[in-house]
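Examination of the molecular architecture
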Amino acid sequence: MAGKPRLVALFVAGVFGLAACTNQVAGSAAGVKIGPLTTGEATAAALAGFAEAAAVRYQGELTASDGSAFTVDLTATSSGEVFGNITVEGLGAAIVVLDKTLFLKGAPEFWSAMAARFGVTSGDGTALGNRWVKLPTVLLGVEFGDIFTPDVVAQTAGTATKDAGKELTPTGDVLEVPVSGGTVSLAKDAPHPVVAIALDEIGSAENTKAKNVKVTVADASTTINKTYSDLAAQAKNELGTAVDALTSISQGNNRFDACAAASCTLAVDVTNPSKRAVRVHLRADWTGDNAPLGTCEQVSEPVAPGASATMSCAITSPGWVSFFQRANTVPGTHPYGAVWTALALADPPDVASLDERGAAAPADPKQAKEAESGFAVYEIASAGGVWKYGVVAARYWRDHAKDQLTGCLGVTGAVCTYSLVTTTDNQGAAYALSNQLVADFQKTKGACPAGQWVSCPK
């Protein structure tokens, strides 16, 4: 169903009195003059477009709630997933946030330095080093899944607070606009998209909000379906064996068993002292004659609260085979051993929604209908044709599109209207259609729609 056009041109008639035998109206029609795009209008339109992004890449710095300095190179989706890299006080780690669950992966020195901050007993960091580890977000001091969602960033930025009613006049590559939440930098060329954001603070909880956020931004919507699929694959292949750093496993007796030419087995008794059943991951790094021989590992079935179990894994590497042969043919002492850890594993992430969004085909534009839930794909058009495509929550699409008409008018100098393309319950399908529409427009016209930032290949 098409939205009712909002015409900007107004017509004024002179005052007249009734006279016999005539229906003429005194006066003449006059259209309202279309003025230049103002700073306030450009900022509002740019932030509205930014809020519609399926995913945004952020690069820059911020200060955590506890005062720690972070640098970030992160991509955040509109549905709250986050992935990329951070440094905390100069120490780097990879990060993934799925369903508001935080996973970190850092080198041993990262975990050694962060042990006190996170309340994690990691010794020199070897046990957790180079492994995905689940942590409560509050321990990191930043809720990345909330603060970098594009619509939250746009809302936090707010509206222009200086020269909002004056003509937009970029003097360099960017125009820095003071806004209620900080500063927004707009590109000099229409449609003047956001290129950088500085926020005084963002976040709702005192112990996870970020301050002094200064980041450059880039749209990452064109590959959103692949992003969802890649995150689902990573969750299945890597995060399924992430360590739950706050659940400890007690280790008891240990022994070697059946050590022969082909293999040697390490057995370790473990106890789960926590109040929930957990899987346990046993990993052992083997040495022989003071040289590394390889690694073995095992994941147990869930161990009940308070229960004990015996876990074992066998070294079968070529290194062990060579060591055993040498130990039996070369006179002398040939020590061997294993350094192991038994760690509780976090529950695997639920990836059903990621799989669904990643596999989604473009929504059907022939099924356009109003909806109170789900997602709407809409278009804004002017006399020159489609000005932009957008994706937003279905119940808000009219208001969201309407708020951008003035920005379209200021850039195109022509009346702009909006209309609904379709609605769908699948967010991936909505963005897939938007990406397809922009790509088809670009293929036909040689460029993206004039007002397009989201889904326009850079």
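Look a little higher up for the structure.
Quick caveat, the model's predicted, so the values are computed rather than measured. (Residues numbered from 1 in each chain as written. Predicted model: local features only at pLDDT ≥ 70, side-chain atom pairs only at ≥ 80, totals over all residues. Heavy atoms only, no water.)

1. A word on the pairing of strand β20 (residues 417-424)
Counting buried positions along β20 gives 7 out of 8 residues, so the element sits mostly inside the fold. Sheet topology note: the strand β18 (residues 375-382)/β20 ladder contains 7 bridges and is antiparallel. Residue pairing in the sheet places Y378 in a bridge with L420 of β20. (Buried < 20%, exposed > 50% of the residue type's maximum accessible area, 1.4 Å probe, protein only. Helix = DSSP H or I, 4+ residues; strand = E, 2+ residues; numbered from the N terminus. Pairing = 2+ DSSP bridges.)

2. Observations regarding unusual backbone geometry
Cis geometry marks the peptide bond from A190 to P191; its omega dihedral reads 10 degrees. Residue position: P191 is located in the loop between β8 (182-187) and β9 (194-202). The phi dihedral of K100 is positive, around 60 degrees, even though this residue is not glycine. Within the element layout of this structure, K100 appears in the loop between β4 (91-98) and β5 (101-106). Notably, A258 is not glycine yet its phi reads approximately 50 degrees, a positive angle. Of note, A258 is situated in the loop between β12 (250-257) and β13 (264-271).

3. Side note on helix α2 (residues 108-118)
Because an α-helix completes one turn every 3.6 residues, residues spaced three or four positions apart along the sequence face the same direction. Looking only at α2, the buried set comprises F110, W111, M114, A115 and F118. Buried residues of α2 fall within an arc of 145 degrees about the axis and therefore sit on the same side. Facing away from the buried side of α2 by over 90 degrees, the exposed positions are E109 and A116. Where α2 is buried, its residues meet β3 (82-88), β4, β5, β6 (131-135) and α3 (137-140). (Arc of directions from axis to C-beta. Contact = heavy atoms within 4.5 Å.)

4. Considering the sheet that holds strand β14 (residues 280-288)
A sheet is described by the order of its strands in space; here 3 strands give the open sequence β15-β14-β17, paired in antiparallel fashion. The open sheet is flanked by β15 (291-299) and β17 (336-344), the only strands paired with a single partner. Strand-to-strand twist of the sheet, defined as the mean angle between neighbouring strand axes without regard to direction, takes the value 15 degrees. Two strands pair when backbone bridges link them, and β14 and β17 are joined in this way by 9 bridges, in the antiparallel orientation. In the sheet register, D285 faces β17, and the bridge partner there is V339. Its contacts with the sheet place helix α7 (residues 318-329) against β14, β15 and β17, and it is angled at close to 125 degrees to β15. (Axes fitted to C-alpha atoms, helices over the stretch in contact; angles between N-to-C directions.)

5. Observations regarding the side chain of S382
Mapped onto the secondary structure, S382 falls in strand β18. A relative accessible area of 16% places S382 in the buried class. Every residue in contact with S382, bar those within four places of it in the chain, is listed here: C408, T412, V415 and C416.

6. A closer look at the sheet that holds β13
Read from one edge to the other, the open sheet built from 3 strands follows the order β12-β13-β16, with strand pairing classed as antiparallel. Each edge of the open sheet carries a strand with a single partner, namely β12 and β16 (308-315). Here the strands of the sheet are splayed against their neighbours by 20 degrees on average, with no regard to which way each runs. Bridge count between β13 and β16: 8 bridges; the pairing is antiparallel. Across the sheet, residue T265 finds its bridge partner in β16, namely A314.

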